Amino acid sequence: MSLTNLLTYVGLVAVFPGFVFTAVVGLLSSWFDRKLSARLQWRVGPPWYQSFADVAKLLGKETVVPAGSAKLVFLGAPFVGFAAVVVVSTILWMASIRPDGAFVGDLIVVLYLLYVPSLAIIIGGSASRNPFAALGASREMKLMLAYEVGFLISAFTLVVKNGGIVSLGGMVAYQQASGPMLSQGISCIIAFIVALIYVPAKLAVGPFDIPEAECELISGPFTEYSGVPLAAFKLTKAMLMCVLPVFLITVFATTAWSPWAILWYVLILVFVVLIKNTNPRLRIDQALRFFWGPVLVLSIVGIVLASLGL
Amino acid sequence: MSSPVLPWVVFLPLIAGAVAFAIPVRAEKFREVFSTVVSGAVFLLGMVVLVGPEASYHAIPLGFVQGYLVDLRIDELNRFMVMFASLFGLLVTVFSIGYMQGRSRLREYYPYMLISIGAANGALLANNWLAFVGFWGLILVTLFLLATIGAADADANKAMRAAGKSMVILGASDLALILGVGLVFAQSGTLVLSETSLPVTGPMSAAAFVLIMLGALSKAGAVPMHSWIPDMAEASPTSVVALVPASLDKLLGIYLLARLVLDMFQVNLALNLLLMVIGAVTIVVAVVMAIVQHDLRRLLAFQAVAQVGYMVLGFGTGTAIGIAGGLFHMLNHAIYKSCLFLTAGAVEKGAGTMNLAKLGGLARAMPYTFAAFGIAALASSGVPPLNGFVSKWMVYQGLVEVGIDKYWIFLVAAMFGSALTLAAFVKVAHGVFLGDRPREMSGVVEVGPSMRFAPAVLATLCVIFGVAAQVPLQHFIGPAVGMQFPAFPEAISIGGIWSPTVATALLLFALLIGYFIYLASRTRSVRIAPVYIGGETAGEGTSDSLNTKYGRNRETSDTRVLGTEFYDSIRRLPGLSRLYDKGESGAFDIQRLSKLATPLGWALSALHGGRLSTYVSWMLWGVLVLFVVLSVVS
C-alpha cells in the first residue's frame, strides 16, 4: 500500500465520511430529535449545539469505575462499539461516492459490523457488576434477537430483487441504472417498512428504549458509566442515528450522495421522533412478540413477493 | 511418489499409545512427558506432510480385491487436515497435563488420546475404504473409552449413559456408512477411494451417497444425529470433548463429506437441497437449544452442533465458494471450539463448577482464560474481523450465488443463527467472566501455564485466520477445492467483497481515534467506586455490610442477576416454551426411533426359544430358500 493510499484511508476514516462527519451529523440529528420532541410536547427545546456541549462536558468529567469490575473490558467496550460504527459509516458512504470501486466490505459485512455497537453496550454493562446494567444488557440482547430476523429478511429482499448483488457499490450502481429499489415493486416497499421499524429498535429509542428504561433500570447498561466512556457511548449512539438512515437510503432509495438523500434523511428522522413521542415503552416480551409476530410475517410476505418478481 | 513419512503420522501415535499403557502408574510424570513428546513429534511429522509433495504409501496387498490394506495418500484436501489434527492433539495433550492432574484412570487417558490422534490421521489419510472404516471406527471406540473415564470422577451414571448414547448413535451411523461403502463397492468395483467416482443418477448411487453422508454427518454432529454431543460434553473430561467431538470428529466428518462431494459423487440438485435443509435446521435448532442451557459445557456443545450447520450448508450450495467456505469453517470451528472447551476446562479447574448460575465475575481472577475465551466466542459468533466471520461470509456468498430468490430462507436462518450464537455467548460471558462474583468464587485464581498455553495458541490462530484469512485460503482451502484466492493483504472478492486486512487496519485506526478522544479529555483520573444500586446495600450478604457505607464494594455479592436468567422471557414465549420442554426431555433424540423396532425384537425373541429343533428347521428352510433363489438366478 502506497503512502497516498494510506493517507487517503486515514482521511476517509478520520474526517469524511468517517469519524468527524458522522459525529457532527449524528450529534445534529440527535439535537433535531430533542428539539422536535420538545416542540411536540410544547416545550422550547435545546439550542443546536446542545448535543456537542453534552459530549464536551462529559469529556471533562472524571471516570468512575465500579469496584471489582473487569476494568479493561468496562473501559474498552464503548470504544470498540465506536470504532465499528466509524468503519460502517465509511463503508456505506464509499458505496455512494464510488459505486464502481469495491471498498472493504459488502452488505453482509455491514450487517455483521452493526452487531458490534450493541454487543459493546451489552459487554460493557455486564462488566460493570451492576444489577441494573445486567438486566439492561440482557434486554439489549433480547431486543437484538427480536429486531434482527425481520431486518435481515428485509435486507435480503433487496438482494432477491436485484438478482443477487450483495456489494453495496453494486447495489447503488443497480439503482442508478434501473431506478431506486423503492420504485421497483410492492416487495421493496414492504421491506422498507420493516427496515423503518428496525431503526428505532436498533437505536433503542421509544417505544423500544427497553434496555435503558430510565424509570425502571436507572439507565440500564450505562448505569455505572461516566466521563469519557459515557461520552463514547453517547457519541456512538448519535453516530448510529446518522448511519442507520444513511444505510436505508443507500440500499432502498437513492445514493447518499444526492440532494434527495437529505430529504429522505429528514423524513426517516421525523418518523423515528414521531414514533418515539407517540408510543409508550413496550415490555421486552411485548417487543419480542411484536417483532417475531407481525413484523416477521410482514417481512416474509415481502421477500416471497420479491421472489415472485413483484 | 511413495513417502516414508506417511505411515509414521498414523502408526507412531498408535504404537506409542500401546506403549504408554505399559508405563506403570507410579511413573505418571513420565507418561505425561512421553505423550507430549510423541504428540509433538506427530505434529512435526504433520508439518512435514503439509509442506511435502503429494505422495502415497502402500503395504499389505488385500488379495481378494485390488488394493492394499495400508494404503495412505496425501493430497490437497487432507494435507492441512492432518497437520491440524496433529496440532490439536499436541495442544490438548499439553493442556491435559494441568487439567487431568489428580484425576483417576490417567493410565488409560493418555494412551487413548494418542490412539485417537493416530486414528484420526489414519482416517484422513486412508485411501482404502476398509482401512478408512477401521480407523473411523477406532476413533469411536477411543471416544467411548475416554467418555467413560469421566465416570470415575464425576457422575458415573451420567457419564456411562452419555458414552452409551454416543456409541448407539455413532455405531448405527457407522453401520450406515459401511452399507454405503458396500453399495459403492458393488457399483464401482473398487475399494480404493481415489478410484471411486459415481454420478448420482440412479436410486442405488443416491442411496450410497445418503448412507455415507449419514455416517459423515453423525460424526460431525448435525441435527438430528447431534444429541450425543451435549450429553457427552456434560459428563466427559473437557479436554476429551475439546479434542474429539469438537475438533477431530468435525475434521473427519466434514473431510468425508468433502471427499464425497468433491471427488466421488457428482451430486444432483435434490441431494444438495437435502444438505442445505440439514444445514439450516442444524444451525437454528441447536443454537435455539444452546441459549437456554445452564451448564457451560452443554451450552458449548449445542453451539458446536450449530456450527456444523454452516459447514453442511456451505457444501449444500454445491458452489466452489460455498464448499470452500464450508471447509474453511470446519478449520475455523475446530480452532475456536477446541479453544472454548479448553477455556471451559480451565474454568472448571479453577472454579470447580460448570454451572452458569454458580459462576460469575471471573474475568479479573482468570484474565488469560477470559481473553482466550472472549476471542474464540467472538470468532464463533462471526464478529468481523475474526476467522469465523470469513468462513460464514463465504458460505453466504455461495448461497447468494446458487440463487437467493429460492434459498433466501437458508441465508436468513444462518445469519440469524449468528445472532443467536452471540446471544448464547453473551450469556456465558455474563454468567462466567463478567457480571457479579458470588462469594464462593472469591478464592478462584488463574490456572497454570500448561492450561494457558493451548487456549493462547488457538485464540491467536483465530485472530490470524481472520485478519490474514487470505493465507489459509490460499494455501489450504484454495488448492483443496481448486479455487484461486488472492494473496495476503488483498481483498477477497467473490460476489461480495471482504477485505479483512484493510478492515482490521481501519478498525484499529478508529480505535486510535477513540483513544485520542480519551486523551482529549481534561481529567484523566479514574476513581474506583462501589456499584450504585440506588444508594442501597442490597445483596452484600454479610452481616457487617450494614456497617459499611456502601454495599457490593467487597467485589462479591449474594444476590446477582444470573446469566442463566438472561433469556427466560424468550423461553416463556407461547409456542417456544412447549418446544423447549420437549427438547429438554429428549423427545427429539434420534435414537428414540429405535423404539419403532421393538415389535421386531419381540418377533425375533419369540423365534429364539432355545429349542434346537426349531433352529435346525429354520436353517433348513433358509438353505431351501437359498437353493431356490440361486437356481432361479443361474
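Residues numbered from 1 in each chain as written. Chains lettered and ligands numbered in written order. Predicted model: local features only at pLDDT ≥ 70, side-chain atom pairs only at ≥ 80, totals over all residues.

### So, the overall build of chain B
Defined as follows: Numbered from the N terminus, helices here are DSSP runs of H or I no shorter than four residues, and strands are runs of E no shorter than two. Three exposure classes are used, based on other C-beta atoms lying within 10 Å of a residue's own C-beta, which is placed from the backbone: buried for 20 or more, exposed for 12 or fewer, and partly exposed in between. What counts as a contact is two residues whose backbone-derived C-beta atoms lie within 7 Å of each other.
The helix and strand tally for chain B stands at 21 helices and 7 strands. Referenced to the eigenvectors of the C-alpha coordinate spread, the extents of chain B come out at roughly 100 × 60 × 60 Å. Evaluated residue by residue, chain B yields a buried proportion of 57% over its 634 residues. Across chain B, the fraction of contacts at a sequence separation of at least 24, relative to all contacts at a separation of at least 6, is 78%.

### What about the overall build of chain A?
To be explicit about the condition: Just to be clear, the radius of gyration here is over C-alpha atoms, and the globule rule we use is 2.2 Å times residues to the power 0.38.
In terms of regular secondary structure, chain A is built from 13 helices and 1 strand. In sequence order, chain A lays out its α and β elements as α-α-α-β-α-α-α-α-α-α-α-α-α-α. For 310 residues, the compact-globule formula gives about 19 Å, and the C-alpha radius of gyration of chain A, at 19 Å, lands near that figure. For chain A, with 310 residues in total, the buried portion stands at 63%.

### Some thoughts on the interface of chain B and chain A
Selection rule: Asp, Glu, Lys and Arg are counted as charged, while Ala, Val, Leu, Ile, Met, Phe, Trp, Tyr, Cys and Pro are counted as nonpolar; the rest, among them Gly, fall into the polar class.
On the chain A side, the residues contacting the 68 residues of chain B number 72 residues. Looking at the side of chain B that touches chain A, the elements with two or more residues in it are helix H14 (387–433), strand S6 (496–498), helix H17 (500–520), strand S7 (526–529) and helix H18 (568–571) of chain B. Broken down by element, the side of chain B that touches chain A gets its largest block of residues, 18 residues, from H14 of chain B. Its residues assigned to classes, the side of chain B that touches chain A comprises 46 nonpolar, 14 polar and 8 charged.

### Some points on the packing of helix H12 (residues 320–351) of chain B against H14 of chain B
Short version of the rule: To define axes, lines are fitted to C-alpha atoms, for helices over the stretch in contact only, and angles between the resulting N-to-C directions are given on a 0 to 180 degree scale. Note on angle classes: values under 35 degrees are labelled roughly parallel, values over 145 roughly antiparallel, values of 65 to 115 roughly perpendicular, and the remainder oblique.
Packing of H12 of chain B against H14 of chain B leaves a shortest axis separation of 13 Å and a crossing angle of 5°. By the angle between their axes, H12 of chain B is roughly parallel relative to H14 of chain B.

### A short note on the packing of helix H2 (residues 19–40) of chain A against helix H3 (residues 50–59) of chain A
All names here are of chain A. Where H2 meets H3, the axes come as close as 8 Å, and the angle between the chain directions of the two elements is 115°. Seen from H2, the contacting residues are Leu27, Ser30, Trp31 and Arg34; seen from H3, they are Gln50, Ser51, Phe52 and Val55. Class assignment for the residues of the contact of H2 with H3 results in 4 nonpolar, 3 polar and 1 charged.

### Notes on the pairing of strand S1 (residues 55–61) of chain B
All names here are of chain B. Spelled out, the test is: Any two strands are treated as partners once DSSP identifies two or more bridges connecting them.
Both S1 and strand S2 (residues 68–74) contribute to a ladder of 6 bridges, which runs antiparallel. Along S2, the bridge assignment pairs Ala55 with Ile74. Taken together, S1 and the strand that follows it, S2, pair antiparallel across an intervening segment of 6 residues, in which Gly63 is found at a positive phi of about 90°.

### Some points on the environment of Val172 of chain A
Residues and elements named next belong to chain A. Looking at where Val172 falls in the secondary structure, it is placed in helix H8 (residues 168–178). We classify Val172 as buried; it has 25 C-beta atoms within 10 Å. C-alpha separation for the pair Val172 and Arg281, spaced 109 residues apart in sequence, amounts to 36 Å.

### Topic: the environment of Met366 of chain B
Residues and elements named next belong to chain B. Looking at the element boundaries, Met366 is found in the loop between H12 and helix H13 (367–380). When the 24 C-beta atoms within 10 Å are taken as the criterion, Met366 is described as buried. Along the sequence, Met366 and Glu446 sit 80 residues apart, while their C-alpha atoms lie 4.4 Å from each other. Those residues in contact with Met366, other than ones at most four positions away along the chain, are Ala346, Gly350, Val444 and Glu446.

### A short note on helix H1 (residues 5–22) of chain B
An α-helical turn contains 3.6 residues, so a residue and the one three or four places further along point in the same direction. All names here are of chain B. Filter applied, for reference: What a helix is expected to span follows from its residue count: subtract one and scale by 1.5 Å. Note on bend: at a given residue it equals the angle between the axes fitted to the 7 residues ending there and to the 7 starting there.
Under the 1.5 Å per step criterion, the end-to-end length of H1 is 26 Å for 18 residues, consistent within 8% with the ideal 26 Å. Largest kink in H1: about 35°, centred on Phe11, with the proline Pro13 one to four residues after it. Listed in full, the buried residues belonging to H1 are Leu6, Val9, Val10, Pro13, Leu14, Ala16, Gly17 and Ala20. In this fold, the buried residues of H1 make contact with helix H2 (28–51), S1, S2, helix H3 (79–99) and helix H4 (106–125).

### Concerning helix H7 (residues 131–161) of chain A
Residue and element names in this part refer to chain A. When the terminal C-alpha atoms of H7 are compared, their 45 Å separation across 31 residues agrees well with the 45 Å that a helix rising 1.5 Å per residue should span. In H7, a bend of some 30° at Glu148 exceeds every other bend along the element. Across the 31 residues that make up H7, a large majority, 30, are buried. Where H7 ends, the next residue or the one after it, Gly163, has phi of about 80°, a positive value.

### Regarding the confidence of the model for chain B
Residues and elements named next belong to chain B. Selection rule: Confidence scores here are pLDDT values: one per residue, from the predictor, ranging 0 to 100.
Mean pLDDT over chain B stands at 83; residues scoring 70 or higher make up 92%. At the level of individual helices and strands, chain B shows its lowest average pLDDT in helix H20 (residues 598–607), which scores 73, and its highest in H13, which scores 91. Counting interchain partners and residues more than four positions distant, the pLDDT-below-50 stretch residues 541–553 has 22 contacts. Across the interfaces of the predicted complex, the ipTM metric reaches 0.91, alongside a pTM of 0.89.

### Observations regarding the nonpolar core
The test is simple: In these notes, a nonpolar core means any group of buried Ala, Val, Leu, Ile, Met, Phe, Trp, Tyr and Cys residues linked to one another through C-beta atoms within 7 Å.
Core analysis: the biggest nonpolar cluster contains 358 residues, and Phe156 of chain A together with Ala376 and Cys462 of chain B have the highest contact counts within it. Of the residues forming this core, the biggest block, 30 residues, is contributed by H14 of chain B. In contact with Ala376 of chain B, not counting residues within four places along its chain, are Tyr336, Cys339, Leu340, Leu458, Ala459 and Cys462 of chain B.

### So, unusual backbone geometry
In the segment running from Pro384 of chain B into Pro385 of chain B, the intervening peptide bond is cis, with an omega of 5°. Even without glycine at this site, Trp42 of chain A takes up a positive phi of about 60°. With respect to the element layout, Trp42 of chain A can be found in the loop between H2 and H3. Positive phi, close to 60°, is recorded for Ile218 of chain A, a residue that is not glycine. As for its position among the elements, Ile218 of chain A is in the loop between helix H10 (214–217) and helix H11 (227–253). Given 19 C-beta atoms within 10 Å, Ile218 of chain A falls into the partly exposed group.

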